[in-house]
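Letter by letter, the chains look like this.
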Amino acid sequence: MIPLTTLGTTLVLGGLAMAAAGSVMGFVAGARKSVAGLQWARALGVGFGVCVILANVVMIAALVQHDFTVSYVAEVGTVQTPLHITIVSLWASLTGSILLWSGVLGLYVLGLVVALGDRHRQYQAWTLGVLLAISVMFALLVAGVANPFAPTPPEELARLVRAFGAGPDGLPLDGPGPNPLLQNHPLMIIHPPTLY
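Residues numbered from 1 in each chain as written. Predicted model: local features only at pLDDT ≥ 70, side-chain atom pairs only at ≥ 80, totals over all residues. Heavy atoms only, no water.

*Asks:* I tried to follow unusual backbone geometry on my own but got confused; where do I start?
*Replies:* Glycine aside, negative phi is the norm for most residues, and most peptide bonds take the trans geometry. Even without a glycine there, the phi angle at Lys33 is positive, about 55°. Position of Lys33 among the secondary structure elements: in the loop between helix H1 (4–32) and helix H2 (35–64). Taking the relative accessible area as the measure of exposure, Lys33 reaches 71% and is therefore exposed. You will see that His66, though not glycine, has its phi angle at about 55°, which is positive. Within the element layout of this structure, His66 appears in the loop between H2 and helix H3 (71–76). Looking at His66, the relative accessible area reads 24%, which means it is partly exposed. (Helix = DSSP H or I, 4+ residues; strand = E, 2+ residues; numbered from the N terminus. Buried < 20%, exposed > 50% of the residue type's maximum accessible area, 1.4 Å probe, protein only.)

Right, dumping it as structure tokens:
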């Protein structure tokens, strides 16, 4: 089975590549009024959306499975919280929020492609070019500085094992859990998605 760190990173990098290519294709299609170029930009936009949405699903799976080999899970995961808090831990810190934001942006791109269909070709290419250029920035953040799918460094795993004990596989039995504010009030759970 593919490690979730590898799967998540692959999806993010795939989304980055598709957003970059789609942005360029959108601008080229807009400048040349190319129907074929617009179709490519649309397909690459759909690819970006699918990749980042699936990356969010992979992170939720890592949180639910308490996979402490994923750095973000080691940062905010715990076996002590209820399932709904474990799932919303996706946006329990800045790193996860940026991943969520890229997923929401992926939904917007998919929504644009589906809603516009074949209408407004003269504007759609430019719009996709701009939206996918913004997507490149978010994908770069997720793939680089804020990489939630990075493998947990050995020293961090060792610290968690010292704090929470080790299972038969040598991995920590528990983690620090999400910010307590996330569990404090239901509005703390819904406010990040509603902002996006």
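*Asks:* What should I look at first to understand the packing of H1 against H2 in this one?
*Replies:* Axis angle and axis distance: for two packed helices, these are the angle between their axes and the distance between the axes, and together they describe the pair. Contact geometry for H1 and H2: axes closest at 7 Å, N-to-C directions at 160°. When the axes of H1 and H2 are compared, the pair comes out roughly antiparallel. Relative to H2, the crossing made by H1 is left-handed. Looking at side-chain class alone, the contact of H1 with H2 contains 20 nonpolar, 7 polar and no charged residues. (Axes fitted to C-alpha atoms, helices over the stretch in contact; angles between N-to-C directions. Parallel < 35°, antiparallel > 145°, perpendicular 65-115°, else oblique. Left-handed = near helix turned anticlockwise from the far one by under 90°. Nonpolar A, V, L, I, M, F, W, Y, C, P; charged D, E, K, R; others polar.)

*Asks:* Would you mind showing me how to read the packing of aromatic side chains here?
*Replies:* The geometry of an aromatic ring pair is captured by the separation of the ring centres together with the interplanar angle, meaning the angle of the planes. Counting across every chain of the model gives 2 aromatic pairs. Ring geometry for Phe27 versus Trp126: centroids 6.0 Å apart, planes at 50°, classification tilted. In this pair, Phe27 sits in helix H1 while Trp126 sits in helix H6 (residues 121–143), placing the two residues 99 residues apart along the sequence. Here Trp101 and Phe138 contribute two aromatic rings whose centre-to-centre distance is 4.9 Å and whose plane-to-plane angle is 45°, an arrangement assigned as tilted. Placement of Trp101 in helix H5 (residues 94–116) and of Phe138 in helix H6 is noted, with a sequence separation of 37 residues between them. (Phe/Tyr/Trp six-rings, centres within 6.5 Å; stacked < 30°, edge-to-face > 60°.)

*Asks:* When you look at the side chain of Ser135 in this model, what are you seeing that I'm missing?
*Replies:* By the secondary structure assignment, Ser135 is in helix H6. Exposure remark for Ser135: the relative accessible area of 0% places this residue in the buried category. A polar side-chain atom of Ser135 sits 2.8 Å from the main-chain carbonyl oxygen of Leu131. (Polar contact = N/O pair within 3.5 Å; in protein donor to acceptor, adjacent residues only side chain to side chain.)

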